[in-house]
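Each chain, written out:
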Amino acid sequence: MQHWLQLATRNWRAKLVRTLGAVLAVMIGTAAVVWVTSSYESVRRTVLGWAAGYVGLSHITVQSPLGKYDSIPQRLVEVVAGVEGVRTVNGRLIQRLHAQTVTRAERERLPGGVPLRTPATNEVDFQGIVPETEYLVHDHQRDLVAGRLLDESSAGQPECVLDSDFAAECGIGLGDLLFVWGASETPVALEVVGLIERKRIARFQKALALVPLQTLQQINSKHALITSIDLVLHDSSADSLTRAASEVRTAVRSVSPSATVRSVAGRMQQIEAAQRQQRVVLMLMSCIVMLTALVTILSTLSMGLIERIGELGLMRCVGLTGGQLAWLVLWEVLPLGALGVLAGLPLGLLMAAGTVWFVPQYVGSFAVSGSGLVLAVVAGLATTLVAALLPMLAALSVSPMEAARPRA
């Protein structure tokens, strides 16, 4: 044998199943870390993209303290528009109402041309918008799939722009009808003039329909009421944002003392803080997986050391030192750990891609976490080194007398 370290490679071949077990443990642990971190990165980007699309270019939001489905006076739009530094003011009304899709051919067969509301009737989130100001805050044009968006001529008209996924599920398209039940028992028919793609982060989110503000106010008897007001400032610096928020709060309280004024920057920071907490939980889960790999490798190496105690004692008899035996154990483990890490990286990415393919509505699009890859490599190699530490210490204490024992 040209070099005594070749004994390590001989042990790989002699105990092939055990060697593959150690490699598999490191590979699965590394893959789990990559999978968790990449899936988290996909969810994080999806949530931030959804949040950014929800708030649009808005810097300050005024709404009721009871949530997005409550209402505030519409005259607040003119009040906050007079605040210094405000460039654009946009009011919208959000209402969750029951709705039923009907094709034009089906309507002709309905008694009286109106469907009946049943317990299975869908709930849809309707957003009453003012096109002149809505598109200055929210870019719906990039989400347009078919048809057209609402425009100035849509004011007060019975038409809507519908969620494309919801339309596909219901089997309707442009020119078909969406019947809406509001304050009256008689539904209002809205013509679908456009389809937009809505990003959802969970199944519980309802379908979206954009409706002219006046139309939605009439449907649900919310005259002169809106849900929220978005403000875009000329200067979005931190000082300007703080000053404008204070002035807007003062102006709003003169009309509606209960209305809340929130900075969008603060809300985004809250979202990021919540995501950081989720990341800590996911990292703890990854550590549990790596700990399982550590126990597997440690038990494998310890078993191999016990079986070869006589062999190691014989090596001491022919001149190998305790340090050389320790290096022998380390050399036997390190390549296995490196191989497991290299095999685990693509496996983890494949698992993350599979997760996106199976549940895109939860994960969003595929993303790779650079820090997750680094963490997986470091964790895999660190797990291998820690698992080899105990057998290395045991190899240091092996004496030549071990080879002379009968059971050896």
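As the structure is a prediction and not an experimental result, all values here were calculated from the model. The written sequence of each chain sets the order in which its residues are numbered from 1. Selection of residues for local features in this predicted model requires a pLDDT of at least 70, selection of side-chain atom pairs for listing and counting requires 80 or more, and totals for whole chains, interfaces and linings are taken over all residues. Hydrogens and waters are ignored; side-chain quantities use all the structure's heavy atoms.

1. So, the overall build of the protein chain
And step 1. Only DSSP runs of H or I with at least four residues qualify as helices, and only runs of E with at least two residues qualify as strands; both kinds are numbered from the N terminus onward. The helix and strand tally for the protein chain stands at 13 helices and 12 strands.
And step 2. For the protein chain, the proportion of its 408 residues judged to be buried stands at 45%.
And step 3. Residue contacts are counted whenever heavy atoms from the two residues lie within 4.5 Å of one another. Across the protein chain, contacts joining residues at least 24 apart in sequence account for 83% of those joining residues at least 6 apart. The rule is simple: take the accessible area with a 1.4 Å probe, protein chains only, and divide by the maximum for that residue type; under 20% is buried, over 50% is exposed, in between is partly exposed.

2. Considering helix H8 (residues 238-253)
And step 1. With 16 residues, H8 should reach 22 Å at 1.5 Å per residue; the first-to-last C-alpha distance of 23 Å fits that figure.
And step 2. Residues of H8 that are buried: Ser-240, Leu-241, Ala-244, Ala-245, Val-248, Ala-251 and Val-252. Viewed along the axis of H8, the buried residues span an arc of 130°, placing them on a single side of the element. Within H8, the exposed residues directed more than 90 degrees away from the buried face are Ala-238, Asp-239, Thr-242, Thr-250 and Arg-253. The span one expects for a helix is its residue count, reduced by one, times 1.5 Å. This arc describes the spread of directions from the helix axis toward the C-beta atoms.

3. Notes on unusual backbone geometry
And step 1. For Ser-221, which is not glycine, the phi dihedral falls at a positive 55°.
And step 2. For Ser-221, the location among the structural elements is in the loop between helix H7 (213-219) and strand S10 (225-226).
And step 3. A positive phi is found at Ala-224, a non-glycine position, where the angle reads about 60°.
And step 4. Among the structural elements, Ala-224 can be located in the loop between H7 and S10.

4. Focus on the pairing of strand S3 (residues 86-102)
And step 1. Taking burial as the measure, the 17 residues of S3 include 13 buried ones, the bulk of the element.
And step 2. In this structure, S3 lies alongside strand S11 (residues 228-233), joined through six bridges in antiparallel fashion. When the bridges of S11 are listed, Gly-91 appears paired with Ile-229.
And step 3. Strand pairing requires that DSSP identify at least two bridges connecting the strands. Sheet analysis places S3 next to strand S4 (residues 122-129), joined by seven bridges and oriented antiparallel. The partner of Gln-95 across the bridge, within S4, is Phe-126.
And step 4. Alignment of S3 against strand S7 (residues 177-181), held across five bridges, turns out to be antiparallel. Pairing of Gln-100 across the sheet is with Phe-179, part of S7.

5. Here we look at the packing of aromatic side chains
And step 1. Stacked, edge-to-face and tilted are the three classes for Phe, Tyr and Trp ring pairs, Trp counted by its six-membered ring, which pair at centre distances within 6.5 Å; planes under 30 degrees apart are stacked, over 60 edge-to-face, the rest tilted. With the rule as written, the count across this model stands at one aromatic pair.
And step 2. Between the aromatic rings of Trp-357 and Phe-358, the centroid separation amounts to 4.8 Å while the plane-to-plane angle is 75°, which identifies the pairing as edge-to-face. The same class applies to Trp-357 and to Phe-358, which are both exposed.

6. Re the nonpolar core
And step 1. The biggest cluster of nonpolar side chains holds 41 residues, and the ones touching the most others in it are Val-62, Phe-126, Leu-162, Leu-178, Ile-229 and Leu-231.
And step 2. Element by element, the count of residues in this core is highest for H8, at six residues.
And step 3. Leave out the neighbours within four places in its chain, and Leu-178 touches Ala-99, Gln-100, Thr-101, Phe-126, Cys-160, Leu-162, Phe-166, Val-188, Ala-189, Leu-190 and Ala-209. Put simply, a nonpolar core is a bunch of buried Ala, Val, Leu, Ile, Met, Phe, Trp, Tyr and Cys residues held in one set by side-chain atoms that sit within 4.5 Å of each other.

7. Comments concerning the pattern of salt bridges
When charged atoms on two side chains of opposite charge get close, those side chains can pair.
And step 1. Criterion for a salt bridge: a side-chain nitrogen of Lys or Arg within 4 Å of a carboxyl oxygen of Asp or Glu. Scanning the entire structure with this criterion turns up seven salt bridges.
And step 2. Of the charged contacts in the structure, one is a salt bridge between Arg-104 and Glu-191, with a shortest N-O distance of 3.8 Å. Of this pair, Arg-104 sits in helix H4 (residues 104-109) while Glu-191 sits in strand S8 (residues 188-196), placing them 87 residues apart in sequence.
And step 3. The exposure class assigned to Arg-104 is partly exposed, which follows from its relative accessible area of 42%.
And step 4. Residues participating in the shared-partner salt-bridge network are Arg-148, Asp-151 and Glu-159.

8. A look at the environment of Leu-375
And step 1. Mapping Leu-375 onto the fold places it in helix H13 (residues 370-396).
And step 2. Put simply, Leu-375 and Val-34 are 341 residues apart on the chain and 8.2 Å apart in space, counted from C-alpha to C-alpha.

9. Some thoughts on the side chain of His-138
And step 1. Its location among the elements puts His-138 in the loop between helix H5 (131-137) and strand S5 (144-147).
And step 2. His-138 sits in the buried class, given a relative accessible area of 3%.
And step 3. Here a polar contact is recorded for every N or O atom pair within 3.5 Å, except that within protein the pair must consist of a potential hydrogen donor and a potential acceptor, and residues adjacent in sequence are included only if both atoms are side-chain atoms. Among the polar contacts made by the side chain of His-138, one reaches the side chain of Arg-92 at a distance of 3.3 Å.

10. Focus on the environment of Gln-218
And step 1. Residue placement: Gln-218 occurs in helix H7.
And step 2. Judged by relative accessible area, which is 51%, Gln-218 ranks as exposed.
And step 3. When the C-alpha atoms of Gln-218 and Ala-183 are compared, they prove to be 8.7 Å apart, with 35 residues separating the residues in sequence.

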